[in-house]
Amino acid sequence: GASWKLPDHPKLPKGKQVAVVVLDGWGEANPNEYNCIHTAETPTMDSLKNGAPEKWRLVRAHGTAVGLPSEDDMGNSEVGHNALGAGRIFAQGAKLVDIALASGKIFDGEGFKYIKECFETGTLHLIGLLSDGGVHSRLDQLQLLLKGAGERGAKRIRVHILTDGRDVLDGSSVGFVETVEKDLEALRQKGIDARIASGGGRMYVTMDRYENDWNVVKRGWDAQVLGEAPHKFTNAVDAVKKLREEPKANDQYLPPFVIVDENGKPVGPIVDGDAVVTINFRADRMVMLAKALEYENFDKFDRVRFPKIHYAGMLEYDGELKLPSHYLVSPPEIDRTSGEYLVHNGIRTFACSETVKFGHVTFFWNGNRSGYFNQELEEYVEIPSDSGITFNVKPKMKALEIAEKARDAILSRKFDQVRVNLPNSDMVGHTGDIEATVVACKAADEAVKMILDAIEQVGGIYVVTADHGNAEDMVKRDKSGKPLLKDGQIQILTSHTLQPVPIAIGGPGVAPGVRFRQDLPRGGLANVAATVMNLHGFEAPSDYEPTLIEVVDN
Ligand code: 3PG
Ligand code: CO
């Protein structure tokens, strides 16, 4: 088996407390009115940027640097935290599904065979996020799956859509629904009874995460499984267009709807003998539904009916829970993460965020693995997020509370590593509310200050970085970088970006002569793990991406 013992670093001491701060959605971009980080008062982050040039740099946080298919893929929290924690670049879900579809192997696997067992007498249901955002799912993958299932004997198919507007522009849902409708029409031409059966906006229906609000999953369950929703339509394009006409309506928060036939009967509830595939490859926002679909014993909400189905995820969503037990594509095997190594080497670890990002600094950081490696050495603290609101209403979120917990953990001297995620710039950036995002960035900056002050007091070290960009650019741009107009209007960018992110190291505990190397200009998030191991006094495993730092003799 693997040897967990890490070699001593030849020059760097052990025993320094290290704070690892991840600002979610904090990228580096040109200063202008759409750069909320630039607009906001951020004296702490500014001082890091304008401080010693050998202690601040940018790292890549998107595309192939984090295991995504192409350089056009923006970064996201899953792949960003995976890279930060694992210290290596793994081909991620988006890419693994692409490969399995391109080779056709997806249809030969155990997961699809299990699903196929229902094709003769049952309905195949596909549930998931409908967009080309590439963060949780991708439209073209859904299209290939539909086609492949049709060619392999599916007789009746029902699609349960979740509109996006968060990883893609708001309003783009209509076009995506039209595209799927065309594909379903093509299947019908071939004699397959294929339709959209239900829908709703991703943030209001189904795609909650980390158990922030089970009502979200229940709304989806009622529509998808029970065929019940407050809104009924005979056609999904009409549904999305009509629901978008409500004041303040947007794709992310569309209410649930079901599609009914001419007699008002829902066309696609999930019943005994059916097959269900959740088409998202990313785990965090599918785990709750996966539990509802799979667990015999379940008490998070009243399911009313628990249909006997064959259920598979696009991927396995939790390697520790083995959830779901059937899946179409094997997930990246993110093993030997830095967290696991450090715990084996005696590093006492504290990790904290609020609910909506809690799994990012634990589950994603640890390679999509829930739970502790060693509970005696680790403590993970979750601060309950506000639920049932959009975060532009409370843009400060729980930044202060997270910082206080981190401060207390540092000052207690009970931990060697104190790791936090500050969600503000990402969660508020996703609302597209520029003024609120400015407030959010300021709040995150203040939280960083509190943590850095504590590190100062204990003679420790800080590493401040981010997982991907978001708040630094809030407008859709053309290739030349100019805001892209639609009907004379700018389009607000709710999604992440392709921008690099900053990383700063410092604090009284940093040994003299430590500085960022000059020979890794293309360094990315995966280089951070080895860097942090060094700051704890260890050499990183040889197959880790190289450290960003060197120690020069003065
Ligand atoms: C979400 O799930 O909120 C977005 O799709 C991606 O945001 P995250 O990658 O920052 O979590
Ligand atoms: Co985000």
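Quick caveat, the model's predicted, so the values are computed rather than measured.

### A look at the sheet that holds strand β11 (residues 349-354)
Move 1: Across the sheet, which stays open at both edges, the seven strands sit in the order β2-β17-β14-β1-β13-β11-β12 with mixed pairing between neighbours. This sheet does not close on itself; its edge strands, each paired only once, are β2 (56-59) and β12 (378-383). Direction aside, the axes of adjacent strands within the sheet are offset by 15 degrees on average.
Move 2: As paired elements, strand β1 (residues 18-23) and strand β14 (residues 461-466) share six bridges and run parallel to each other.

### A closer look at the UniProt feature "binding site: Mn(2+) 2" (unreviewed entry) in the protein
Move 1: The positions UniProt marks with the feature "binding site: Mn(2+) 2" (unreviewed entry) are D24, S77, D467 and H468. A maximum C-alpha distance of 7.4 Å places the annotated residues, which cover 445 residues in sequence, within one compact spot.
Move 2: Structurally, D467 is set in the loop between β14 and β15 (485-486).
Move 3: Residue class for D467 comes out buried when judged on the 32 C-beta atoms lying within 10 Å of it.
Move 4: Residues in contact with D467, not counting those within four places in the same chain, are V22, D24, A61, G75, S77, G80, H81 and L84.
Move 5: Examined against the element boundaries, H468 turns out to sit in the loop between β14 and β15.
Move 6: Those residues in contact with H468 that sit more than four places away from it in its chain are G25, G27, A61, H62, M74, G75, N76, S77, G80, H496 and V501.

### Digging into the packing of helix α7 (residues 173-189) against helix α9 (residues 236-245)
Move 1: The geometry of α7 relative to α9 is characterised by a closest axis approach of 9 Å and an angle of 175 degrees between their N-to-C directions. One way to sum up the angle between α7 and α9 is to call them roughly antiparallel. Every residue of α9 that contacts α7 at S173, V174, V177, E178 and E181 is listed here: A236, V237, V240 and K241.

### Brief notes about the site of ligand 1
Move 1: Neighbouring residues of ligand 1: D24, G25, N76, S77, E78, V135, H136, R166, D167, R285, D426 and H430.
Move 2: Here the residues of the shell around ligand 1 sort into one nonpolar, five polar and six charged.
Move 3: Counting residues domain by domain, the shell around ligand 1 receives three or more from each of domain 1 (26-91 + 333-551) and domain 2 (94-329).

### Comments concerning unusual backbone geometry
Move 1: Across the junction of L323 and P324, the peptide omega takes the value -10 degrees, indicating a cis bond.
Move 2: On the secondary structure map, P324 appears in the loop between β9 (310-315) and β10 (327-329).
Move 3: The backbone of V304 sits at a positive phi, close to 65 degrees, despite the residue not being glycine.
Move 4: With respect to the helices and strands, the residue V304 is situated in the loop between α10 (287-294) and β9.
Move 5: We classify V304 as exposed; it has 11 C-beta atoms within 10 Å.
Move 6: The backbone phi angle of R336 is positive, close to 45 degrees, even though this residue is not glycine.

### Side note on the UniProt feature "binding site: Mn(2+) 1" (unreviewed entry) in the protein
Move 1: Summarizing the sequence annotation, UniProt attributes the feature "binding site: Mn(2+) 1" (unreviewed entry) to D426, H430 and H496 in the numbering used throughout. A maximum C-alpha distance of 7.9 Å is found for the annotated residues, which run over 71 residues; spatially they form one tight group.
Move 2: Within the fold, D426 resides in helix α14 (residues 424-429).
Move 3: The contacts of D426, once residues within four sequence positions are left out, are D24, G25 and N470.
Move 4: Following the sequence through the fold, H430 ends up in the loop between α14 and α15 (434-458).

Calculation notes
Residues numbered from 1 in each chain as written. Chains lettered and ligands numbered in written order. Predicted model: local features only at pLDDT ≥ 70, side-chain atom pairs only at ≥ 80, totals over all residues. Pairing = 2+ DSSP bridges. Helix = DSSP H or I, 4+ residues; strand = E, 2+ residues; numbered from the N terminus. Axes fitted to C-alpha atoms, helices over the stretch in contact; angles between N-to-C directions. UniProt positions renumbered as here; feature names shortened; annotations may be inferred. Buried ≥ 20, exposed ≤ 12 C-beta atoms within 10 Å, placed from the backbone. Contact = placed C-beta atoms within 7 Å. Parallel < 35°, antiparallel > 145°, perpendicular 65-115°, else oblique. Near = placed C-beta within 6 Å. Nonpolar A, V, L, I, M, F, W, Y, C, P; charged D, E, K, R; others polar. Domains from an automatic or database assignment.

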